[in-house]
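# Chain and residue survey
One-letter residues, chain by chain:
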Amino acid sequence: PQFEQSSLQAVHQQRREMLSNVCSRYTRKRRLLQPDDLRHLVVDDTHGLLYCYVPKVACTNWKRVMMVLTGQGKYQDPLEIPAHEAHVPSNLRTLSEYSVPEINSRLRSYLKFLFVREPFERLVSAYRNKFTLSYNTAFHKRYGTKIIRRHRQEPSDRALERGDDVRFEEFVYYLLDPQTQQEEPFNEHWERVHSLCHPCIIHYDVVGKYETLAEDANYILQLVGADTSVKFPASSKTTRTTDGMTAQFFQDISPFYQRRLFNLYKMDYLLFNYSIPSYLRLR
């Protein structure tokens, strides 16, 4: 374990350095954090831990683990907590709920971590989850109907009413439409990680990756001295969005739109050291 720890430490040191180099290259002016910027930072005062959750990057399991860590013995096993309960806002405190002095002292002294994922894989995962599953009617109504109204020629009345058959291509047009972000911020499921977690303003101690989820999760739990009985749940690989699957979704997107979409997510690629996917045609 000693050797394992030190090689993991080296990996995380490299990730932090990469992040800091990209930040200094691309961010001219440091802006001040607003309470609104801190809604994604979950606080564990018992273990001195701050976790910035990113949807579609194992965030349900991380929230379950945080409920075990902060639950004063109420929960023993993360997997006993139903998924929907992990997302009930009142079950976990976020940093935005604290006073300014409390926020500052936690940002200074707590261990801060986030988990990231290959940006387009995360995007396709969000699309599949929110627009292709029949039970996500709230998303179909809230976003699907709007996307179809704007980006489909001659939509049927049924599609306009239900919004449950959005094509990936239409979703891409919606993301790239300037009107979208003028009206409201992106939904957290497709918002860029740098906009959710502000890694150029908040200095994260650990940047975990979806691709190395198990070892990064264990590393964090060891760092904060969590009870050894607390285990990060093993992920179910069955429905996972993979690189190959993501490539298929991009087959029908023209090079022009691929480039524009890449530019939209480019900072996440740079900050977290993901290479440009080989399936993209960015001429």
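In this report, the structure presented in the accompanying data block is examined. (Residues numbered from 1 in each chain as written. Predicted model: local features only at pLDDT ≥ 70, side-chain atom pairs only at ≥ 80, totals over all residues. Heavy atoms only, no water.)

Applying the stated rule across the entire model yields two disulfides. Disulfide pairing places Cys23 opposite Cys200 at an S-S distance of 2.0 Å. Between Cys23 and Cys200, the S-S dihedral sits near -80°, and the bridge is therefore left-handed. Residue Cys23 is found in helix 1 (residues 2–26), and its partner Cys200 is found in the loop between helix 10 (193–197) and strand 4 (206–209); the two are separated by 177 residues along the sequence. Overall, Cys23 belongs to the buried group, its relative accessible area being 8%. The class for Cys200 is buried, based on a relative accessible area of 15%. What pairs with Cys52 in a disulfide is Cys197, and their sulfur atoms sit 2.0 Å apart. Since a negative S-S torsion denotes a left-handed disulfide, the Cys52-Cys197 link at about -90° is left-handed. Placement of the pair is Cys52 in strand 2 (residues 49–52) and Cys197 in helix 10, with a sequence separation of 145 residues. Cys197 sits in the buried class, given a relative accessible area of 0%. (Disulfide = S-S within 2.5 Å. Helix = DSSP H or I, 4+ residues; strand = E, 2+ residues; numbered from the N terminus. Buried < 20%, exposed > 50% of the residue type's maximum accessible area, 1.4 Å probe, protein only.)

So, about the pairing of strand 4. Successive residues of a regular strand alternate their side chains across the two faces of the sheet. What you see with strand 4 is no split at all: Val206 and Gly208 on one side and Val207 and Lys209 on the other are buried throughout. Alignment of strand 3 (residues 111–116) against strand 4, held across four bridges, turns out to be parallel. Each bridged residue has a counterpart across the sheet, and for Leu114 the counterpart in strand 4 is Val207. (Pairing = 2+ DSSP bridges.)

Roughly 290 Å³ of internal volume is contained in the second largest pocket. Looking at the second largest pocket, it is lined by 15 residues, and the ones nearest its centre are Leu33, Ile103, Asn104, Leu107 and Ile201. For the lining of the second largest pocket, the element with the most residues is helix 4 (residues 100–109), which contributes four residues. Grouping the amino acids of the lining of the second largest pocket by side-chain chemistry returns nine nonpolar, three polar and three charged. (1 Å grid on protein atoms, 1.4 Å probe; cavity = no way out; pocket = protein on both sides within 12 Å on 5 of 7 lines; lining within 4 Å. Points joined across faces, edges and corners; volume = space filled by probe spheres on them. Nonpolar A, V, L, I, M, F, W, Y, C, P; charged D, E, K, R; others polar.)

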